[in-house]
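Below are the chains, spelled out letter by letter.
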Amino acid sequence: QVPLVESGGGLVQTGGSLRLSCTASEVIHGGDAMAWFRQAPGKERVWVATVTAKGFTNYLHSVEDRFTISIDNAKNTMYMQMDDLKPEDTGVYYCNLWGPSRNDWGQGTQVTVAS
C-alpha cells in the first residue's frame, strides 16, 4: 500500500483553472501508470485521465480538450492541469497508482466549479 497525497483542489468560477498534484511515497516504475478519477455528489466514481510512467496519456472525451495529465518520475508526482472548468467538473478528485503488483488510492481533493 503506497501512500498517495493529492493537492491543488479548490473553488473556481466557470472557465477557471486548477492544477492537481499527486505524490507517491515510493518510486514509480516503468510498468506503472497513474490516473485521476472523480466523484460528483450523489454519483459514482468515474475515470478521468491516465498517464503511464512512459508518458502515454488517455482522457475521458469530455475533458480531453481541456485537461492535461503528466508525470514526473524523478519526483514521483503526477499532475493534471485543468483549464476551462465547467460546473460538471465538480467533484472529489482521486489519484490512482497501479502496476503489476499494486493498486493504490489517495484520499481525494475537492474541486468545485461555480456557475
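As a reminder, the structure under discussion sits directly above these lines.
Here's a quick rundown of the structure. (Residues numbered from 1 in each chain as written. Predicted model: local features only at pLDDT ≥ 70, side-chain atom pairs only at ≥ 80, totals over all residues. Heavy atoms only, no water.)

### Some remarks on the environment of Asp-83
Okay, so step 1: Turning to its location among the elements, Asp-83 is positioned in the loop between β8 (77-82) and β9 (91-99).
Okay, so step 2: For Asp-83, a relative accessible area of 31% translates into the label partly exposed.
Okay, so step 3: A C-alpha to C-alpha distance of 8.9 Å links Asp-83 and Asp-65, two positions 18 residues apart in sequence.
Okay, so step 4: Here Asp-83 is in contact with Gly-16, Ser-17, Arg-66 and Phe-67, once residues within four sequence places are set aside.
Okay, so step 5: Here the side chain of Asp-83 touches Ser-17 through a polar contact of 2.8 Å, side chain to side chain. (Helix = DSSP H or I, 4+ residues; strand = E, 2+ residues; numbered from the N terminus. Buried < 20%, exposed > 50% of the residue type's maximum accessible area, 1.4 Å probe, protein only. Contact = heavy atoms within 4.5 Å. Polar contact = N/O pair within 3.5 Å; in protein donor to acceptor, adjacent residues only side chain to side chain.)

### Some remarks on the sheet that holds strand β3 (residues 18-24)
In a beta sheet, neighbouring strands pair by backbone hydrogen bonds and run either parallel or antiparallel.
Okay, so step 1: The strand order β1-β3-β8-β7 describes an open sheet built from four strands, whose pairing is antiparallel. Of all strands in the sheet, those with a lone pairing partner are β1 (4-7) and β7 (67-72), marking the two edges. Mean inter-strand twist for the sheet, computed between neighbouring axes without regard to direction, equals 15°. (Pairing = 2+ DSSP bridges. Axes fitted to C-alpha atoms, helices over the stretch in contact; angles between N-to-C directions.)

### Comments concerning the pattern of salt bridges
Okay, so step 1: Applying the stated criterion to the full structure yields four salt bridges.
Okay, so step 2: Between Glu-26 and Arg-102 there is a salt bridge whose closest N-O contact spans 3.9 Å. Highlighted residues: Glu-26 in the loop between β3 and β4 (33-39) and Arg-102 in strand β10 (residues 102-105), separated in sequence by 76 residues.
Okay, so step 3: In this structure Arg-102 comes out as buried when scored by relative accessible area, which is 14%.
Okay, so step 4: We note a salt bridge from Asp-32 to Arg-102, for which the minimum N-O separation is 2.4 Å. Of this pair, Asp-32 sits in the loop between β3 and β4 while Arg-102 sits in strand β10, and the two are 70 residues apart along the sequence.
Okay, so step 5: Judged by relative accessible area, which is 4%, Asp-32 ranks as buried.
Okay, so step 6: Shared partners join several salt bridges into a network, and the residues in it are Glu-26, Asp-32 and Arg-102. (Salt bridge = Lys/Arg side-chain N within 4 Å of Asp/Glu carboxyl O.)

### A few points about the state of the cysteines
Okay, so step 1: Across all of its chains, the model carries one disulfide by this definition.
Okay, so step 2: The disulfide partner of Cys-22 is Cys-95, and the gap between their sulfur atoms is 1.9 Å. Between Cys-22 and Cys-95 the sulfur-sulfur dihedral comes to about -80°; the bridge is accordingly left-handed. In this pair, Cys-22 sits in strand β3 while Cys-95 sits in strand β9, placing the two residues 73 residues apart along the sequence.
Okay, so step 3: Take Cys-22: its relative accessible area is 0%, and that puts it in the buried class.
Okay, so step 4: For Cys-95, a relative accessible area of 0% corresponds to the buried category. (Disulfide = S-S within 2.5 Å.)

### Re the pairing of strand β11 (residues 109-114)
Okay, so step 1: Side chains Thr-109, Val-111 and Val-113 of β11 all project onto a buried face; the interleaved residues Gln-110, Thr-112 and Ala-114 project onto a face where none is buried.
Okay, so step 2: In this sheet, β11 lies alongside strand β2 (residues 10-13) in parallel orientation, the contact comprising four bridges. Considered in β11, the bridge of Gly-10 is made with Val-111.
Okay, so step 3: For β9 and β11, the ladder comprises three bridges, and the chain directions are antiparallel. Bridge pairing in β11 links Val-92 to Gln-110.

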